[in-house]
Amino acid sequence: MQEKAKVVKVEGSVVSVVPVDIEACVGCANAECRKNGSLFAAVNREGFELAPGMEVRIASPARKQLAQALLAVGVPTLAAGLGGKALDARLPGAGEAARAGLSLAAFLAGAVLVYALSRAAPKDLPEIVEIL
């Protein structure tokens, strides 16, 4: 994700910004952004000299997006596979329906676990990568 934004307020390394291209907001699922009326926070890790009114480019680093994808998809999938293997080890005579049911239950449990962890984790803010 990379977007242009306008700086509204600077508070140390956390900067409040509004998107410049509002059309990008139409398909956005960011609840924090919608709650605050498209005003959201970004972090200034590079230490740019910022002032209200400046336009900047914000981005979510690819490594963070990859980690989120692996966590969101990998944990439930791994739980489903391990659940099926565990059933085979404990009850070798279990039918296909039992394996499928346990795998589905393990997948859902993994998804709930990821959701709970993501709600408890501190919010990962997008970063300001350049001044425009």
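Presented here is a report on the structure given in the accompanying data block. (Residues numbered from 1 in each chain as written. Predicted model: local features only at pLDDT ≥ 70, side-chain atom pairs only at ≥ 80, totals over all residues. Heavy atoms only, no water.)

### Some remarks on the overall build of the protein chain
Here comes step 1: Broken down by element type, the protein chain carries three helices and five strands.
Here comes step 2: Counting helices and strands in the order they occur from the N terminus, the protein chain gives β-β-α-β-β-α-α-β.
Here comes step 3: Every one of the 132 residues in the protein chain was classed for burial, and the buried ones make up 24%.
Here comes step 4: Long-range pairs, those at least 24 residues apart, make up 67% of the contacts in the protein chain with a sequence separation of at least 6.
Here comes step 5: With the model as given, the accessible surface of the protein chain reaches about 8,600 Å², and the carbon-plus-sulfur share is 63%. (Helix = DSSP H or I, 4+ residues; strand = E, 2+ residues; numbered from the N terminus. Buried < 20%, exposed > 50% of the residue type's maximum accessible area, 1.4 Å probe, protein only. Contact = heavy atoms within 4.5 Å. Areas by Shrake-Rupley, 256 points an atom, 1.4 Å probe, with all protein chains shown as cover.)

### Section: the nonpolar core
Side chains of a nonpolar character, in soluble globular proteins, are inclined to be buried together.
Here comes step 1: Ranked by size, the top nonpolar core spans ten residues in total: Ala5, Val7, Val15, Val17, Phe40, Ala42, Leu50, Val56, Ile58 and Ile128.
Here comes step 2: Contributions of two or more residues to this core are made by β1 (2-11), β2 (14-19), β3 (40-43) and β4 (55-59). (Core = buried A, V, L, I, M, F, W, Y, C linked by side-chain atoms within 4.5 Å.)

### Quick look at the packing of helix α2 (residues 62-90) against helix α3 (residues 96-120)
Here comes step 1: α3 packs onto α2 with a crossing angle of 145° between their chain directions and a minimal axis gap of 7 Å. For the element pair α2 and α3, the recorded crossing hand is right-handed. Taken together, the residues of α3 that come into contact with α2 (itself represented by Leu71, Ala72, Val75, Pro76, Thr77, Ala79, Ala80, Gly83, Gly84, Leu87 and Asp88) are Ala98, Arg99, Leu102, Ser103, Ala106, Phe107, Gly110, Ala111 and Val114. (Axes fitted to C-alpha atoms, helices over the stretch in contact; angles between N-to-C directions. Left-handed = near helix turned anticlockwise from the far one by under 90°.)

### Observations regarding the side chain of Glu127
Here comes step 1: Position of Glu127 among the secondary structure elements: in strand β5 (residues 127-131).
Here comes step 2: Relative accessible area serves as the criterion here: at 12%, Glu127 is assigned to the buried category.
Here comes step 3: Within the structure, the side chain of Glu127 is placed 2.9 Å from the side chain of Arg45, a separation counted as a polar contact. (Polar contact = N/O pair within 3.5 Å; in protein donor to acceptor, adjacent residues only side chain to side chain.)

### A closer look at the pattern of salt bridges
Side-chain pairing between opposite charges can occur once the charged atoms of the two side chains come close.
Here comes step 1: What the rule picks out here adds up to five salt bridges.
Here comes step 2: Asp88 is the salt-bridge partner of Arg99, the closest N and O atoms lying 3.3 Å from each other. Here Asp88 lies in helix α2 and Arg99 lies in helix α3, a separation of eleven residues in the sequence.
Here comes step 3: In the salt-bridge network here, residues are joined through shared partners; they are Asp88, Glu96 and Arg99. (Salt bridge = Lys/Arg side-chain N within 4 Å of Asp/Glu carboxyl O.)

### Some thoughts on α2
Here comes step 1: Given a rise of 1.5 Å per residue, 29 residues ought to cover 42 Å, and the 41 Å separating the end C-alpha atoms of α2 matches this to within 8%.
Here comes step 2: At Gly74, α2 shows its maximal kink, close to 30°; a proline, Pro76, follows between one and four residues later.
Here comes step 3: Those residues of α2 not exposed but buried are Lys64, Pro76, Ala80, Gly83, Gly84 and Leu87.
Here comes step 4: Looking at the buried positions of α2, the neighbouring elements they touch are α3 and β5. (Expected span 1.5 Å × (residues − 1). Bend = angle between axes of the 7 residues up to and from the residue.)

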